[in-house]
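Residue strings, one per chain:
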Amino acid sequence: MIKSSDTPTSVAGMYRLYMSVIIMLPFVPWKMLHTSDMTKKDWGTVFMAGLFLGLHFLFWMESLVYTSVASSMVILSLQPLFVMIGSYFMFRERVNLFTIFCLIAALIGSIIIAWGDIGTSKGALIGDGLSLLGTILVSAYMIAGQKVSHKISANFYSVIVFFLGGSVLLVYNLVNHYSLIEYDSSDWTYFLLLAVIPTIFGQYIFNLLLKSMGATTVSVGIIGEPVLAILLAYVFLGEIMSAFQFIGGIMTLFGMGMYFWAKSLKFAVAKY
């Protein structure tokens, strides 16, 4: 959807987040605020998470202007690696060798996907750099979310960080004098679809799962995004799917499947 629209990506990202807030507001459990044990430090973490999310959308969505869906998505798939490293230092989370093997297999699949796609032109390098910055920022966002996930409901947390992220983009749009209202009805439909599909049924679900699964496991699930994104780009944008992308996609899904299988065994043993 981002590649199909001519609207500034920062404007699309802003409305994507603000519309998500409006849709989710009626479902926020406001009464739980009175029983919350959030500290000032925790609220600071939430504020930083919103800042990270806004900057993530700013950098990553803009990367699609310069590079292909496959190139941008394969860099985004490095997110579990950054989250795993951050989780080790933040939460002392340890992983076994088999889990690392599964993650590496999935990452190699992502690299194979973009093997013949990552360009060497100046524009492609700019796009790849923006995607990398966006990946680092969303990794920090996931870790921050896990840190406060046991103290605040996912609904309330999502509304706050979506609003803060949208506000970051609003400031950027005002500084760059982008129009905020002069768009066609098709563009507003596009903003709404971005709010409902990848934000509420994407980012919100990730936030919901942070409490029970942790940032690393949630991030591994995101590795599957390049596979589906390439399929959709093939169908709707006419981007060619190469043999490398097909083989890499299979390997990515295999690595993800093995990772989740290993996690399910660990959970079953712990429960027993």
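Keep in mind the model is a prediction, meaning the values are calculated, not measured.

Basis of the calculations
Residues numbered from 1 in each chain as written. Predicted model: local features only at pLDDT ≥ 70, side-chain atom pairs only at ≥ 80, totals over all residues. Heavy atoms only, no water. Helix = DSSP H or I, 4+ residues; strand = E, 2+ residues; numbered from the N terminus. Rg over C-alpha atoms; globule rule 2.2 N^0.38 Å. Contact = heavy atoms within 4.5 Å. Areas by Shrake-Rupley, 256 points an atom, 1.4 Å probe, with all protein chains shown as cover. Lys, Arg positive; Asp, Glu negative; His and termini not counted. Charge placed at Lys NZ, Arg CZ, Asp CG, Glu CD. Buried < 20%, exposed > 50% of the residue type's maximum accessible area, 1.4 Å probe, protein only. Polar contact = N/O pair within 3.5 Å; in protein donor to acceptor, adjacent residues only side chain to side chain. Phe/Tyr/Trp six-rings, centres within 6.5 Å; stacked < 30°, edge-to-face > 60°. Axes fitted to C-alpha atoms, helices over the stretch in contact; angles between N-to-C directions. Parallel < 35°, antiparallel > 145°, perpendicular 65-115°, else oblique. Left-handed = near helix turned anticlockwise from the far one by under 90°. Nonpolar A, V, L, I, M, F, W, Y, C, P; charged D, E, K, R; others polar. pLDDT = per-residue confidence, 0-100. Salt bridge = Lys/Arg side-chain N within 4 Å of Asp/Glu carboxyl O. Core = buried A, V, L, I, M, F, W, Y, C linked by side-chain atoms within 4.5 Å. Expected span 1.5 Å × (residues − 1). Bend = angle between axes of the 7 residues up to and from the residue.

Asks: Kindly report on the overall build of the protein, identifying the contributing residues and their values.
Replies: On a plain count of helices and strands, the protein comes out with eleven helices and zero strands. Along the protein, from the amino end to the carboxyl end, the secondary structure elements read α-α-α-α-α-α-α-α-α-α-α. Against the compact-globule benchmark of 19 Å for 272 residues, the protein has a radius of gyration of 19 Å, which places it among compact chains. With the principal axes as the frame, the protein shows a C-alpha extent of 50 × 45 × 25 Å. At a minimum sequence separation of 6, the contacts of the protein that also span at least 24 residues come to 88%. For the protein, the exposed area adds up to about 13,900 Å²; of that, 72% sits on carbon and sulfur atoms. Placing the 14 positive and 12 negative side-chain charges of the protein at their respective mean positions leaves the two points 20 Å apart.

Asks: Describe the side chain of serine 149, and please don't skip the residues or the numbers.
Replies: Tracing the sequence through the fold places serine 149 in the loop between helix 6 (122–148) and helix 7 (154–175). Accessibility expressed as a relative area gives 8% for serine 149, which makes it buried. A polar side-chain atom of serine 149 sits 2.9 Å from the main-chain carbonyl oxygen of glutamine 146.

Asks: Describe the packing of aromatic side chains, and please don't skip the residues or the numbers.
Replies: Applying the stated rule across the entire model yields nine aromatic pairs. Seen from their ring centres, tyrosine 183 and tryptophan 188 are 6.4 Å apart, and the 80° between their planes marks the pair as edge-to-face. Members of the aromatic cluster, each reached through a chain of ring pairs, are Tyr15, Tyr183, Trp188, Tyr190 and Phe191.

Asks: Provide a residue-level description of the packing of helix 1 (residues 9–24) against helix 2 (residues 40–66), including the pertinent values.
Replies: Two packed helices can be described by the angle between their axes and the distance between those axes. It is the contact of helix 1 with helix 2, at a shortest axis distance of 9 Å, that shows an interaxial angle of 135°. Considering the angle they form, helix 1 stands oblique to helix 2. Pair helix 1 / helix 2 crosses with right-handed handedness. For the pair helix 1 and helix 2, the contacting residues are Thr9, Ser10, Ala12, Gly13, Arg16 and Leu17 in the first and Leu53, Phe57, Leu58, Met61, Glu62 and Val65 in the second. Considering only residue class, the contact of helix 1 with helix 2 consists of seven nonpolar, three polar and two charged.

Asks: Provide a residue-level description of the confidence of the model for the protein, including the pertinent values.
Replies: Looking at the protein as a whole, its pLDDT mean stands at 83, while 90% of the residues score no less than 70. Of all helices and strands in the protein, the one with the weakest mean pLDDT is helix 3 (residues 69–76) (72), whereas helix 7 scores best (95).

Asks: Can you lay out the environment of isoleucine 250 for me, pointing to particular residues and giving the numbers?
Replies: As for its position among the elements, isoleucine 250 is in helix 11 (residues 243–271). Assessed through its relative accessible area of 48%, isoleucine 250 is described here as partly exposed. In this structure the C-alpha to C-alpha distance between isoleucine 250 and valine 227, which are 23 residues apart in sequence, comes to 8.4 Å.

Asks: Outline the packing of helix 4 (residues 79–91) against helix 9 (residues 215–222), listing residues and values.
Replies: At their nearest, the axes of helix 4 and helix 9 sit 8 Å apart, and the two run at 175° to each other. By the criterion of interaxial angle, the relationship of helix 4 to helix 9 is roughly antiparallel. Taken together, the residues of helix 9 that come into contact with helix 4 (itself represented by Gln79, Pro80, Val83, Met84 and Ser87) are Ala215, Thr216, Ser219, Val220 and Ile222. Residues that form the contact of helix 4 with helix 9 fall into these classes: six nonpolar, four polar and no charged.

Asks: So what's going on with the pattern of salt bridges? Residues and values would help.
Replies: Evaluated as defined, the whole model comprises one salt bridge. A salt bridge links lysine 151 to aspartate 42, with the shortest nitrogen-to-oxygen separation between them at 2.8 Å. With a gap of 109 residues between them, lysine 151 in the loop between helix 6 and helix 7 and aspartate 42 in helix 2 connect regions that are remote in the sequence. Exposure remark for lysine 151: the relative accessible area of 30% places this residue in the partly exposed category. The buried category is assigned to aspartate 42, whose relative accessible area is 7%.

Asks: Can you explain the nonpolar core? Please cite residues and give values.
Replies: Tyr141, Met142, Tyr157, Val161, Phe162 and Phe191 are the most contacted members of the largest nonpolar core, which totals 53 residues. At the level of elements, helix 1, helix 2, helix 3, helix 6, helix 7, helix 8 (185–213), helix 9 and helix 10 (225–237) are the ones that each hand at least two residues to this core. The element best represented in this core is helix 1, accounting for nine residues. Once residues lying within four places of it in the same chain are set aside, the contact partners of tyrosine 141 are Ala49, Phe52, Leu53, Tyr157, Val161, Phe162, Gln203 and Asn207. One finds Met84, Val220, Met256 and Tyr259 within the second-largest nonpolar core, a separate group that totals nine residues.

Asks: Tell me about the environment of valine 159, residues and numbers included.
Replies: Take valine 159: it is sitting in helix 7. Between the C-alpha atoms of valine 159 and valine 28, which are 131 residues apart in sequence, the distance is 8.0 Å.

Asks: Residues and numbers for helix 8, please.
Replies: Taking 1.5 Å of rise per residue, 29 residues should cover 42 Å, and helix 8 covers 39 Å from first to last C-alpha, within 8% of that figure. Its maximal kink placed at threonine 199, helix 8 deviates by approximately 45°. Glycine 214 occupies a position one or two residues after helix 8 and carries a positive phi of about 90°.

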